[in-house]
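# Tertiary structure, described
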Amino acid sequence: MKDANFLKAHNARSLWHPMTAPADSHKSPPVIVTAASGVRIRDIDGHEVVDAVGGLWNVNLGYSCQPVKDAIAAQLEALPYYSIFRGTSNDKVIELAEELRTFFEPDGLTRAFFTSGGSDSVETALRLARQYHKIKGEPGRVKYLSLKKGYHGTHMGGASVNGNANFRTAYEPLLPGCFHIPAPYTYRNPFNEDDPARLAQLCLQALEDEIAFQGAGTIAAFIMEPILGAGGVIPPHESFMPGVEKLCRKHGILLIADEVITAFGRTGAWTGSRLWGVKPDFACTAKAITNGYFPFGAVMIAEGVAQVFEADETGKAAIGHGYTYSGHPVGAAAALACLAETKRLNVPVNAAARGAQLWEGLKALQAKYPVIGDIRGGHGLMLAIEMVADRATKAAPPKALPGQVQAAAYKAGAMIRVSGPNIILSPPLILTPADADIILSALDMALAAV
Ligand SMILES: Cc1ncc(COP(=O)(O)O)c(C=O)c1O
């Protein structure tokens with residue numbers, strides 16, 4: 001490895017970081033992480049902290065998951081790559097598809113289409129949704145509906161259904177035919193409604209109104225995260241996603257669950273759709289499918305949708321979509337080992353328990369620090385603090401504040417993520433009670449310091 005001074009001096013010279021202005025990386029050099037074990041990461045200066053970000057919502061089993069590392073190493077020896085485009089397949093991907101079919105059976109999802117990550121999975125689901133309607137003889141169903149505040153990755157389709165201007169404006173014009181309805185975000189919403197159940201109903205009415213306005217026969221799919229993640233961790237009321245499902249069924253619209261964060265236990269349930277008792281037509285997965293150790297994803301497809309494709313005799317079901325790395329054998333081997341370990345550890349149980357511990361801790365912090373306007377969580381290990389300048393007006397905090405809290409928390413022992421005014425927590429699901437206490441005390445010290 002090059003020495004620390006070389007790495008610090010060169011970081012932003014020849015690389016651009018995602019989600020950051022290039023000049024910012026010069027002004028505020030990033031933490032350079034060089035090692036990790038368990039739920040801890042170590043930086044180039046030897047400072048070690050609990051990773052309350054869990055990589056990027058993906059390292060659910062921590063950094064020392066030996067079965068996944070071994071599976072990757074063994075697969076690199078046996079077969080480091082082969083494509084599964086028409087005419088070829090590989091043993092590991094077949095085995096994985098069978099495992100995923102069993103895992104997602106309770107969600108009604110029985111086929112897998114493999115991808116290289118979350119944005120790819122979203123793009124795949126959006127495209128297959130349009131194709132489904134064409135096969136069924138409704139080629140006019142091409143539009144997409146989604147939630148403001150939603151995050152669906154950065155490909156052109158995904159960015160077009162995204163509900164956050166930060167990921168849209170610089171890249172416009174985006175895909176035509178994408179329309180957004182208000183998110184069930186109790187702290188701020190256009191209805192000024194702070195009761196979650198009533199807000200859910202208002203958002204559902206807005207959805208029904210939009211469907212009527214666009215014409216149901218023009219809409220291919222509605223896409224949503226079961227719990228909105230990157231938009232600031234927004235758990236909808238329990239009536240919301242079932243209400244969306246009902247409206248989609250009524251109007252022949254496909255429901256895409258973007259489970260890139262929520263699949264594999266993070267919410268305290270095995271999937272976000274299962275948490276709400278919903279059976280989507282597609283579920284987009286990635287991230288924790290390989291514990292973040294290999295870029296990989298899978299779109300899971302409902303039995304009914306699969307049958308429409310598989311019964312087609314017109315040629316319309318030929319899938320003109322796929323990635324070089326769809327079904328990569330090393331990714332598939334990593335996913336097989338990861339799935340086995342995820343099930344063996346029964347991670348939703350610990351995610352729920354540690355989530356409850358952090359949730360109680362955030363309530364105590366909110367009582368102590370007026371800068372905390374809102375806290376969100378209560379469903380496993382995805383939680384957020386929204387900071388404000390003034391609780392009465394809910395005015396945004398000074399721009400520099402979230403970064404200052406992040407830096408102080410890092411010094412005090414925890415890596416946290418900031419996104420706008422939000423502090424986001426998404427630690428590994430193998431967190432211990434003592435690790436959770438470290439995160440809470442680091443936040444406490446950071447909030448006291450700024
Ligand atoms: C809900 C959701 N969908 C899609 C994506 C995009 O995934 P990727 O960054 O792997 O392309 C993300 C990433 O955070 C996500 O949270």
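It should be noted that the structure appears before, not after, this text.
Quick summary incoming for the structure in this document. Because the structure is predicted, anything quoted here is derived from the model rather than measured.

Attention shifts here to the nonpolar core. Membership of the largest hydrophobic core comes to 91 residues, with the highest contact counts inside it found for Leu100 and Phe282. At 8 residues, helix α12 (residues 329-344) tops the list of elements feeding residues into this core.

The subject of this paragraph is the pattern of salt bridges. Opposite charge on two side chains allows them to pair when their charged atoms are near. Tallying each qualifying case throughout the model produces 19 salt bridges. A salt bridge links Asp45 to Lys8; the shortest N-O distance between them is 2.8 Å. Taken together, the residues Asp45 in the loop between β2 (40-43) and β3 (48-51) and Lys8 in helix α1 (residues 4-10) connect sequence positions 37 residues apart. Close ionic contact of Glu386 with Arg188 constitutes a salt bridge, the shortest N to O distance being 2.8 Å. Residue Glu386 is located in strand β12 (residues 383-387), and its partner Arg188 is located in the loop between β6 (178-181) and α8 (196-214); the two are separated by 198 residues in the primary sequence. Residue classification places Glu386 among the buried positions, given a relative accessible area of 2%. Through salt bridges with shared partners, one network takes in Arg188, Asp374, Arg376 and Glu386.

On to the packing of aromatic side chains, then. Inspection of the entire model under this criterion finds 8 aromatic pairs. Ring plane angle 35° and centroid distance 6.4 Å describe the contact between Tyr81 and Tyr82, whose orientation is recorded as tilted. Taking relative accessible area as the criterion, Tyr82 reaches 44% and is therefore assigned partly exposed. With 6.0 Å between their ring centres and 80° between their planes, Tyr81 and Tyr325 make a pair best called edge-to-face. Within this pair, whereas Tyr81 is found in the loop between α4 (66-78) and α5 (91-104), its partner Tyr325 is found in the loop between α11 (303-311) and α12, the two being separated by 244 residues in sequence. Following the ring pairs from residue to residue traces out a cluster consisting of Phe103, Phe104, Phe264 and Trp270. Positioned above the aromatic ring of Phe6, the side-chain terminus of Lys2 is 5.1 Å from the ring centre. For the cation-ring pair, Arg274 lies above Phe103, with the distance from its terminal atom to the ring centre recorded as 5.6 Å.

Attention now moves to helix α15 (residues 433-449). Its 17 residues give α15 an end-to-end C-alpha distance of 24 Å, which sits within 8% of 24 Å, the value for a rise of 1.5 Å per residue. Within α15, burial applies to Asp435, Ala436, Ile439, Leu440, Ala442, Leu443, Ala446 and Leu447. For α15, the angular spread of buried residues about the axis comes to 160°, placing them on one side. Turned more than 90 degrees off the buried face of α15, the exposed positions are Ala448 and Ala449.

To continue, consider α8. In a regular helix each residue adds 1.5 Å, so 19 residues correspond to 27 Å; α8 covers 27 Å between its end C-alpha atoms and thus fits that length. By the burial criterion, the buried members of α8 are Leu199, Ala200, Cys203, Leu204, Ala206, Leu207, Glu210, Ile211 and Gln214. Mapping the buried residues of α8 onto a view down its axis gives an arc of 155°, with all of them on the same face. The outward face of α8, more than 90 degrees from its buried face, is lined by the exposed residues Arg198, Gln205, Asp209, Ala212 and Phe213. At its buried positions, α8 is contacted by β5 (143-147), β6, β7 (219-224) and α9 (240-251). At the exit of α8 stands Gly215, carrying a positive phi of roughly 95°.

Below, the discussion takes up the site of the ligand. The environment of the ligand is formed by Gly117, Gly118, Ser119, Tyr151, His152, Gly153, Glu225, Asp258, Val260, Ile261 and Lys287. Within the side chain of Asp258, one N or O atom sits 2.7 Å away from a nitrogen atom of the ligand. In isolation the ligand exposes 390 Å². Once the protein is present, 81% of that is buried. Class assignment for the residues of the shell around the ligand results in 3 nonpolar, 5 polar and 3 charged.

Pairing is antiparallel in the open sheet, where 4 strands are placed in the order β11-β12-β15-β14. Looking at the sheet topology across the chains shown, the edges are occupied by β11 (372-376) and β14 (417-419). Strand-to-strand twist across the sheet, computed as the mean angle between neighbouring axes with direction ignored, equals 25°. Two elements, β11 and β12, share 4 bridges in a ladder whose sense is antiparallel. Its bridge partner being in β12, Ile375 is matched across the sheet by Ile385.

Each value, and the rule that gives it
Residues numbered from 1 in each chain as written. Predicted model: local features only at pLDDT ≥ 70, side-chain atom pairs only at ≥ 80, totals over all residues. Heavy atoms only, no water. Core = buried A, V, L, I, M, F, W, Y, C linked by side-chain atoms within 4.5 Å. Buried < 20%, exposed > 50% of the residue type's maximum accessible area, 1.4 Å probe, protein only. Helix = DSSP H or I, 4+ residues; strand = E, 2+ residues; numbered from the N terminus. Salt bridge = Lys/Arg side-chain N within 4 Å of Asp/Glu carboxyl O. Phe/Tyr/Trp six-rings, centres within 6.5 Å; stacked < 30°, edge-to-face > 60°. Lys NZ or Arg CZ within 6 Å of the ring centre and 35° of its normal. Expected span 1.5 Å × (residues − 1). Arc of directions from axis to C-beta. Contact = heavy atoms within 4.5 Å. Near = heavy atom within 4 Å. Polar contact = N/O pair within 3.5 Å; in protein donor to acceptor, adjacent residues only side chain to side chain. Areas by Shrake-Rupley, 256 points an atom, 1.4 Å probe, with all protein chains shown as cover. Nonpolar A, V, L, I, M, F, W, Y, C, P; charged D, E, K, R; others polar. Pairing = 2+ DSSP bridges. Axes fitted to C-alpha atoms, helices over the stretch in contact; angles between N-to-C directions.

These figures come from the coordinates and say nothing about function on their own.
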